[in-house]
Amino acid sequence: MLFESYLIPDRVLPSFRDVSPETIRALGARAVLTDIDNTLATYDDADPPEAVILWCRRMADAGIAVVLLSNNNEARVSRFALPLGVPAYAKAGKPSVRPIRQALRAIGCAPDEAVALGDQLLTDVWGARRAGLRAALIVPPIKDKTTLFFRFKRLLERPYMKRYYKRMEASK
């Protein structure tokens, strides 16, 4: 299947809450570059929910760096990041590798020491793969947009998610 190596995630988890410091360390990483919208919060959450604040604190306490990497605008990303006290990059243009590399340089981390966390294969996973990150983790969207554009993107992702689940089934 075309682009298979770029679009199939390494792991699918039920929620960002299931990404623990132990999960990150088991993947051989020390940093998480995470999307915001539909990964940590809904598009409607201007400020981070308490669960996100606690998750970031748990990661920091364990020595895991968290960086927000979003395709959303500067105002949205800055407001969300401020209470978390983590570096944040807006208008990232994922799957572009430039902002991923910039974020890694800012935290002094090599690509093979970081994982990506997101809800979209065509932006989060593809960008992580292109930048050489150790792993790409996917969570189901919290509250997906229903626009024609988003429905089309999800339709394009479907065969790759099926392939991921087939691989998981075969490895049991």
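Residues numbered from 1 in each chain as written. Predicted model: local features only at pLDDT ≥ 70, side-chain atom pairs only at ≥ 80, totals over all residues. Heavy atoms only, no water.

For the rest of this paragraph, the subject is empty space enclosed by the protein. Using the criterion set out here, one finds 1 cavity of 30 Å³ or more in the structure. The computed volume of the largest cavity comes to approximately 60 Å³. As for the largest cavity, its lining consists of Leu33, Thr34, Asp35, Leu69, Lys94, Ile100, Ala116, Leu117, Asp124, Gly127, Ala128 and Leu133. Of all the secondary-structure elements, those providing two or more residues to the lining of the largest cavity are β2 (31-34), β5 (114-118) and α6 (121-131). Per-element tally for the lining of the largest cavity: the top contributor is α6, with 3 residues. Taken together, the residues that form the lining of the largest cavity break down as 7 nonpolar, 2 polar and 3 charged. (1 Å grid on protein atoms, 1.4 Å probe; cavity = no way out; pocket = protein on both sides within 12 Å on 5 of 7 lines; lining within 4 Å. Points joined across faces, edges and corners; volume = space filled by probe spheres on them. Helix = DSSP H or I, 4+ residues; strand = E, 2+ residues; numbered from the N terminus. Nonpolar A, V, L, I, M, F, W, Y, C, P; charged D, E, K, R; others polar.)

Attention now moves to the pattern of salt bridges. Between side chains of opposite charge, a pair can form when the charged atoms approach closely. The final tally for this structure, using the stated rule, is 10 salt bridges. Between Arg30 and Glu113 there is a salt bridge, with its nearest N and O atoms 3.3 Å apart. Taken as a pair, Arg30 in the loop between α2 (21-26) and β2 and Glu113 in the loop between α5 (98-107) and β5 lie far apart in primary sequence, 83 residues in all. When its relative accessible area of 34% is taken as the criterion, Arg30 is described as partly exposed. When the shortest N-O distance is used, the salt bridge between Asp35 and Lys94 registers 3.2 Å. In this pair, Asp35 sits in the loop between β2 and α3 (50-61) while Lys94 sits in the loop between β4 (88-89) and α5, placing the two residues 59 residues apart along the sequence. Salt bridges linked by common partners bring Asp35, Lys94 and Asp124 together as one network. (Salt bridge = Lys/Arg side-chain N within 4 Å of Asp/Glu carboxyl O. Buried < 20%, exposed > 50% of the residue type's maximum accessible area, 1.4 Å probe, protein only.)

As a further point, take the packing of aromatic side chains. Across all of its chains, the model carries 2 aromatic pairs by this definition. With a centroid separation of 5.1 Å and an interplanar angle of 75 degrees, the aromatic rings of Tyr164 and Tyr165 are classed as edge-to-face. Judged by its relative accessible area of 46%, Tyr165 is partly exposed. (Phe/Tyr/Trp six-rings, centres within 6.5 Å; stacked < 30°, edge-to-face > 60°.)

Looking at where Tyr165 falls in the secondary structure, it is placed in helix α7 (residues 148-170). For the pair Tyr165 and Pro140, spaced 25 residues apart in the sequence, the C-alpha separation amounts to 14 Å.

The computed volume of the largest pocket comes to approximately 190 Å³. The wall of the largest pocket is formed by 13 residues, among which Tyr43, Asn71, Asn72, Gln120 and Phe150 lie closest to the centre. Those elements that place two or more of their residues in the lining of the largest pocket are α6 and α7. Take the lining of the largest pocket: its biggest share by element is 3 residues, from α7. Residue composition of the lining of the largest pocket, by class: 3 nonpolar, 5 polar and 5 charged. Taken as a whole, the second largest pocket spans an internal volume of roughly 150 Å³. Lining of the second largest pocket is provided by Val12, Asp119, Leu121, Ile138, Val139, Pro140, Pro141, Arg154, Glu157, Arg158 and Met161. Among the elements that take part in the lining of the second largest pocket, α7 stands out by supplying 4 residues, more than any other. Residue composition of the lining of the second largest pocket, grouped by class: 7 nonpolar, no polar and 4 charged.

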